[in-house]
Every structure is written in C-alpha cells, then in structure tokens.
Amino acid sequence: MKIAKAIRPHDGDIVVYLVDSDESREAVFDNIVAVKGRDIIWKLHPPGIPDYFVDMDYNGSFLNAYSFSCQTFQVDPFTGEVMSTSFSK
C-alpha cells in the first residue's frame with residue numbers, strides 16, 4: 001500500500017491517510033482512512049461506482065476530500081462524519 005498523503009489533525013493521535021488510488025484495481029476504493037495507533041477508526045466511502053479520492057487537505061477544522069468524480073466532501077477528521085458535499089466541476 002502506497003501512501004499518497006498523511007494529515008495529523010491538530011498534531012493529535014489520529015492520522016488520516018490518502019492511499020494512492022493506483023494501488024487498487026477495485027471499482028470503488030475507500031482510499032481515505034483514519035488510524036489511531038494500529039486501529040482503523042473510520043474510512044471515507046466514495047460517492048459512486050467507479051470512484052475514489054484523488055486529494056485531501058485540512059483547513060484546521062475540517063478535512064476536505066476531493067473525489068475523481070469532482071465531488072468535495074467536508075469531513076470531521078476525528079469522527080469521519082461527512083458535514084457537507086458539493087460538486088466542483
């Protein structure tokens with residue numbers, strides 16, 4: 001598994017990883033995963049088939065996840081709850 005990006009919100013115990021989408025041949029790929037220690041605490045599911053996440057960033061409050069299908073998800077980085085979505089094309 002190749003990690004494309006890692007974000008540690010507020011320099012805490014949780015690390016959110018964006019896994020390189022080229023590493024999977026699956027049509028739907030949950031490639032944003034939050035980990036605490038060795039435990040997966042949440043995964044972000046892409047909006048449809050086929051789809052996956054291509055990038056993410058952290059604005060100090062929310063994680064912004066960008067899908068291949070041009071949707072942006074605003075996510076609570078500690079719970080994985082999707083706060084809002086928008087189409088960005």
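Predicted model, so just to flag it, every value in this text is computed and none were measured.

**Here we look at the overall build of the chain**
Part 1: On a plain count of helices and strands, the chain comes out with 0 helices and 8 strands.
Part 2: The buried share of the chain, reckoned over its 89 residues, is 35%.

**Some thoughts on the pattern of salt bridges**
Part 1: Within this structure, the stated rule accounts for 2 salt bridges.
Part 2: Among the salt bridges present, the one from aspartate 20 reaches lysine 2, with a minimum N-O distance of 3.7 Å. In this pair, aspartate 20 is assigned in the loop between strand 2 (14-19) and strand 3 (32-36) and lysine 2 in the segment before strand 1 (3-7), connecting sequence segments 18 residues apart.

**Some thoughts on the sheet that holds strand 8 (residues 82-87)**
Part 1: With antiparallel pairing, the 4 strands of this open sheet are ordered in space as 5-6-7-8. Every interior strand has two partners, whereas the edge strands, strand 5 (53-58) and strand 8, have only one. Strand-to-strand twist in this sheet, taken as the mean axis angle between neighbours without regard to direction, amounts to 20°.
Part 2: Two elements, strand 7 (residues 71-75) and strand 8, share 5 bridges in a ladder whose sense is antiparallel. Residue pairing in the sheet places valine 75 in a bridge with valine 82 of strand 8.

**Considerations on the sheet that holds strand 1**
Part 1: With respect to topology, 4 strands assemble into an open sheet ordered 1-2-3-4, the strand pairing being antiparallel. Two strands bound the open sheet, and with one partner strand each, they are strand 1 and strand 4 (39-44). Across this sheet, the average inter-strand angle for adjacent strands is 25°, counted without regard to direction.
Part 2: Note that strand 2 and strand 3 share 5 bridges and pair antiparallel. Counted as the bridge partner of tyrosine 17 is valine 33 from strand 3.

Reading the values: the criteria
- Residues numbered from 1 in each chain as written.
- Predicted model: local features only at pLDDT ≥ 70, side-chain atom pairs only at ≥ 80, totals over all residues.
- Heavy atoms only, no water.
- Helix = DSSP H or I, 4+ residues; strand = E, 2+ residues; numbered from the N terminus.
- Buried < 20%, exposed > 50% of the residue type's maximum accessible area, 1.4 Å probe, protein only.
- Salt bridge = Lys/Arg side-chain N within 4 Å of Asp/Glu carboxyl O.
- Pairing = 2+ DSSP bridges.
- Axes fitted to C-alpha atoms, helices over the stretch in contact; angles between N-to-C directions.

Distances and angles like these do not, on their own, reveal function.
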